Amino acid sequence: MKTLLDADYTTRDDKTVIRLFYKTDEGREIKEIYDFQPYMYVLPKEGEIDKLSEEIGKISNIKNVEKTRMLEMEQEVDVLRITVNHPRNVPDLRAIIRELENCEEVREAHIPFAERYLTDSGLVPMENCEKLNLRIASFDMEVYNPDREPDSEKDPIIMISYADNHGLKKVWTYKTIEGLDLDYVEVLGDEKEIIEKFIETIKKREIDIITTYNGDNFDFPYLKDRSEKHKIKLSLGADNSPLRMERRGMNMGARVKGRPHVDMYPVCRQIFNIPRYTLEDVYQEITGEEKKDIQVNAMAGIWDNPTFEEYTAFLEYSMSDATATLEIALELLPLHYEISRITRELIYQSSRAGSGQRVESLLIKKAFEKKILVPNRPSDRIVNKRQRTTYSGGYVVEPKKGIHDNILLFDFRSLYPSIIISHNIDPSTLDCNCCQKDAYMSPTGHYFCKKKKGFIPENLEGLLQRRITIKKKLNAEKDPRKKRFLDVKQQALKLLANSMYGYFGFPRARWYSRECAEAITALGRKYIQETIEIVPSFGFGVIYGDTDSVYLIETEGLEGDEVMEHAKSFLKKINSELPEGMELEFEGFYPRGIFITKKRYAVIDRKGKLIIKGLETRRRDWANVAKNTQKKVLNVLLRDKTPDKAAKIVKDMVQEIKKGEIPLSDLTINTQITKDMGEYKNEGPHIQAAKKAMKKGMEFKQGNIVTYVITKKGSSISDKAKVVDFVEEGDYDTYYYINNQVLPAVLRILEALGYTEDELKGKGKQTTLEGF
DNA sequence: TACCAGAGGAG
DNA sequence: AAATCCTCTGGTA
């Protein structure tokens, strides 16, 4: 048994060699493939294939020209398959060929060579990797940082922590202290020695996967710089090749050949929705436990003049970074193994890929199997054009504002995927020539072929059917380990199925089709609107709805079983009229809910669990004081049904804030820097806070989340905004936190119940309590 | 006060 | 480098 961990190509004697990095029962294996050459397809102008073939034959660096038949928009076409001697010549040859008189188009010239091999060979990365018991290690570094942000030119690495899933835990450092007693600490001579020890350990312990937390942007590039300083070859690769930093779009990826490096930071940003993505926050999200943390600005001081307690705490912190990263990796990697297997992308790629890239990888593999010509990547000009053409999305119902009791929720199961499948929505079936009258119609005026199944609907259906099979197995399975394995499998399939609609509308997609994306959403609107129209005839009223869901209340004085009977006949009626594969489901019953505006509401379920949507409580750019107060008010209204307590909660919190005793952790606001720092026309509080912090040596760039507090000193809000690291406890603007945080968050809710702002601020009388 | 840029959520 | 719809803030004129 073996599992494919990595693949690349190299050049030997000017010939290409594909290398496949396997983990096997015995150890590892690097298989080399010599007989695979890059190629591209060329579509000739109508009837000119022979002329074109002749023209291409005259060009140098071409190994072979051969006629073949491929599918283009579900039609068989004659094309030329051009084999090239080396991938490095592909771009130039493509440019030459596409200018030839008889050439219509060049295809598949831009598929990276190693990926091309994986596609054509049908190899599945990470197959059986669970059975092979992969050796997974994590590492983290602490760096000397007297100027806050370390500079790899001068600031050495002072600790490297390491943990693997075979029991080894280490912190390598080169300073000790009297009485130091931590069994995992190994004190070596200097920075060079700890780096060498790290490299040696990865190799000796036959590590298969290296994980880090932000290793792409910090640990690996820093380690690389420091290794170069010491003239150490950072030969971590399974073939002893050095670590390589690769460009991946806007970001960098640290690549170790044959021992894939998986950076958990981008993985966590994709999977979790939390206010911040520090290792501590993510660790808490996964395990529910607090992780040790120490102040970054204290590190250099501790290193220079350590006390026993401080140094021990520093070492413990360092160790916990590696063990936490390992724990996170062990938790999240299984999903990525599965995504890797489904999309047949290397784990190095798939762990860093976005939804669009994953869908595309999957489609390229499936296209190869069906001999479908892969569409080219759009040029920047086309991408720009696509970005300018927008289309309409889901339908949102204006909510009936206020409190409602006994709410029923219905929603369409996988609305967009089920529309794609049941209406056969695909670029190749769009406005086909064969079934104009009898086709699947879209409200947009386009129609979709009924005779031939489209490429994307077919594959989407495949994903969903596999998911159904797996879910059946999952329900029958007793062994918790196997259950978890199956659950991860179905999650991965769901993830990919749900990405298909977005892919149609993604301007950089090869299979982009605005008509398809538009048809999907238009049909979605049609079905939800038709559903809403017949609601009254079953004795219900619509409280709210968004895209694929409707919240209903009973309106004709029915009770208990009678309500459920009506709900059942409502469902039956809707479902009898839906196309096969689409289904409206009863999703839940909520004794009470409060609806504020579109996309902002809260309901409580029978178990007393509060479900809050869109409100400040759910947003990272609001302070905890406001979020917690809002949550308390919602609890009082929905759970305890004691609205008069709400005013007291708010008044008490206002007093607390005035006292100046709210801890900073409840005052911080998190906002992401979404643009390049220089691109801002309007600099909001987070940007101005970041800029001030940058003057003090902190680094900020696009993608970072700024955690700031509105302090006492300054004129405007932005002026008062300071990154939390530079704020003293108690230094906060009470006026701002009362009037711009707590009050707006709670007033919005109370106003939806009919209170006025003046009443709530004690200026008026509380007479509008009746009604609940 | 009206408008905008910017952000982050829902589905 | 998945889509659109929507609310809300802080700054500006």
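Okay, so let's go over this structure. (Residues numbered from 1 in each chain as written. Chains lettered and ligands numbered in written order. Predicted model: local features only at pLDDT ≥ 70, side-chain atom pairs only at ≥ 80, totals over all residues. Heavy atoms only, no water.)

This paragraph deals with the pattern of salt bridges. Throughout the structure, instances matching the rule amount to 62 salt bridges. Residue Glu 360 is joined to Arg 510 by a salt bridge in which the shortest nitrogen-to-oxygen separation is 3.2 Å. Linking Glu 360 in helix H11 (residues 355-369) with Arg 510 in the loop between helix H15 (480-504) and helix H16 (514-534), this pair joins segments that are 150 residues apart in sequence. Across the pair Glu 398 and Lys 401 runs a salt bridge, and its minimum N-O distance is 3.4 Å. The exposure class of Lys 401 is partly exposed, given its relative accessible area of 47%. Ionic contacts of the salt-bridge type, sharing partners, join the residues Asp 6, Arg 244, Glu 246 and Arg 255 into one network. (Salt bridge = Lys/Arg side-chain N within 4 Å of Asp/Glu carboxyl O. Helix = DSSP H or I, 4+ residues; strand = E, 2+ residues; numbered from the N terminus. Buried < 20%, exposed > 50% of the residue type's maximum accessible area, 1.4 Å probe, protein only.)

Strand order in the open sheet made by the 3 strands is S25-S26-S27, with antiparallel pairing throughout. Sheet topology places strand S25 (669-672) and strand S27 (721-723) at the edges, where each strand pairs with a single neighbour. When the angles between neighbouring strand axes are averaged without regard to direction, this sheet yields 45°. In terms of strand pairing, strand S26 (residues 705-710) meets S27 through 3 bridges, oriented antiparallel. Residue pairing for S27: Ile 710 is matched across the bridge by Ala 721. (Pairing = 2+ DSSP bridges. Axes fitted to C-alpha atoms, helices over the stretch in contact; angles between N-to-C directions.)

So, on to the sheet that holds strand S10 (residues 169-173). Overall, mixed pairing links the 6 strands, which are arranged S11-S10-S9-S8-S12-S15 in an open sheet. Every other strand in the sheet has two partners, leaving strand S11 (185-187) and strand S15 (261-263) as the edge strands with one partner each. With direction set aside, neighbouring strand axes in the sheet form an average angle of 25°. Bridge count between strand S8 (residues 136-143) and strand S12 (residues 209-212): 3 bridges; the pairing is parallel. Its bridge partner being in S12, Ser 138 is matched across the sheet by Thr 211. Strands S8, strand S9 (157-164), S12 and S15 of the sheet are contacted by helix H5 (residues 215-229), whose axis makes an angle of about 70° with S8. (Contact = heavy atoms within 4.5 Å.)

The next thing to look at is the nonpolar core. Grouped together as the largest cluster of nonpolar side chains are 73 residues, with contacts concentrated most on Ile 157, Ile 160, Phe 198, Phe 220, Leu 223 and Tyr 337. Element by element, the count of residues in this core is highest for helix H9 (residues 308-343), at 13 residues. Not counting residues within four places of it along the chain, the set of residues in contact with Leu 223 comprises Phe 139, Met 141, Ile 157, Ile 195, Phe 198 and Leu 234. Counting 67 residues, the second largest nonpolar core, distinct from the first, contains Val 359, Val 397, Ala 497 and Val 563. (Core = buried A, V, L, I, M, F, W, Y, C linked by side-chain atoms within 4.5 Å.)

The next thing to look at is the state of the cysteines. Scanning the model with the defined rule gives 0 disulfides in all. Summary of cysteine pairing: Cys 516 is not part of a disulfide, and the nearest cysteine sulfur, belonging to Cys 432, is at 12 Å. Since its relative accessible area comes to 0%, Cys 516 is described here as buried. (Disulfide = S-S within 2.5 Å.)

Turning our eyes to something else, we now look at the packing of aromatic side chains. For the structure shown, the criterion picks out 25 aromatic pairs. Aromatic pair Tyr 9 and Phe 113: ring centres 5.3 Å apart, planes at 80°, arrangement edge-to-face. Remark: Phe 113 occurs in helix H3 (residues 113-121) and Tyr 9 occurs in strand S1 (residues 2-12); sequence separation between them is 104 residues. Ring pairing ties together the aromatic residues Phe 410, Phe 538, Phe 540, Phe 570 and Phe 586, which thus form one cluster. Geometry around Tyr 39 places Arg 81 over its ring, the cationic atom sitting 3.7 Å from the centre. (Phe/Tyr/Trp six-rings, centres within 6.5 Å; stacked < 30°, edge-to-face > 60°. Lys NZ or Arg CZ within 6 Å of the ring centre and 35° of its normal.)

On to the protein's contact with DNA strand B. In the vicinity of DNA strand B, 21 residues are found, and the nearest of them are Asp 548, Tyr 601, Thr 674, Tyr 680 and His 686. Backbone atoms, meaning sugar and phosphate, form 89% of the atoms of DNA strand B found within 4 Å of the protein. Asp 546 places a main-chain nitrogen or oxygen 3.2 Å from a sugar or linking oxygen of DNA strand B. Contact between DNA strand B and Lys 675: a phosphate oxygen at 2.9 Å from a side-chain N or O atom of the residue. Elements supplying a minimum of two residues to the surface near DNA strand B: strand S24 (610-613) and S25. (Near = heavy atom within 4 Å. Polar contact = N/O pair within 3.5 Å; in protein donor to acceptor, adjacent residues only side chain to side chain.)

Attention shifts here to a negative patch on the surface. There is a patch of like negative charges on the surface, built from Glu 559, Asp 561, Glu 562 and Glu 565. When its relative accessible area of 43% is taken as the criterion, Glu 562 is described as partly exposed. (Patch = residues over 30% accessible without salt bridge, like charges linked within 9 Å, V, L, I, M, F, W, Y side chains within 5 Å. Areas by Shrake-Rupley, 256 points an atom, 1.4 Å probe, with all protein chains shown as cover. Lys, Arg positive; Asp, Glu negative; His and termini not counted. Charge placed at Lys NZ, Arg CZ, Asp CG, Glu CD.)

As a further point, take the side chain of Thr 24. Here Thr 24 lies in strand S2 (residues 15-24). A residue is classified by how much of its surface remains accessible, and Thr 24, at 9% relative accessible area, is buried. In terms of polar contacts, Thr 24 uses its side chain to reach the backbone amide nitrogen of Glu 26, at 3.2 Å. Leaving out residues up to four positions away in the same chain, Thr 24 has contacts with Met 1, Lys 2, Glu 29 and Leu 132.

This paragraph deals with the protein's contact with DNA strand C. The environment of DNA strand C is made up of 30 residues, and the closest members are Gln 357, Gly 393, Ser 718, Tyr 736 and Arg 748. A share of 77% is what sugar and phosphate atoms reach among the atoms of DNA strand C within 4 Å of the protein. At a separation of 2.9 Å, a phosphate oxygen of DNA strand C approaches a polar side-chain atom of Tyr 736. Mapped by element, the contributors of at least two residues to the surface near DNA strand C are H11, H15, helix H21 (717-720) and helix H22 (734-752). For the surface near DNA strand C, the element with the most residues is H22, which contributes 4 residues.

By themselves, these observations are geometric and do not establish any function.
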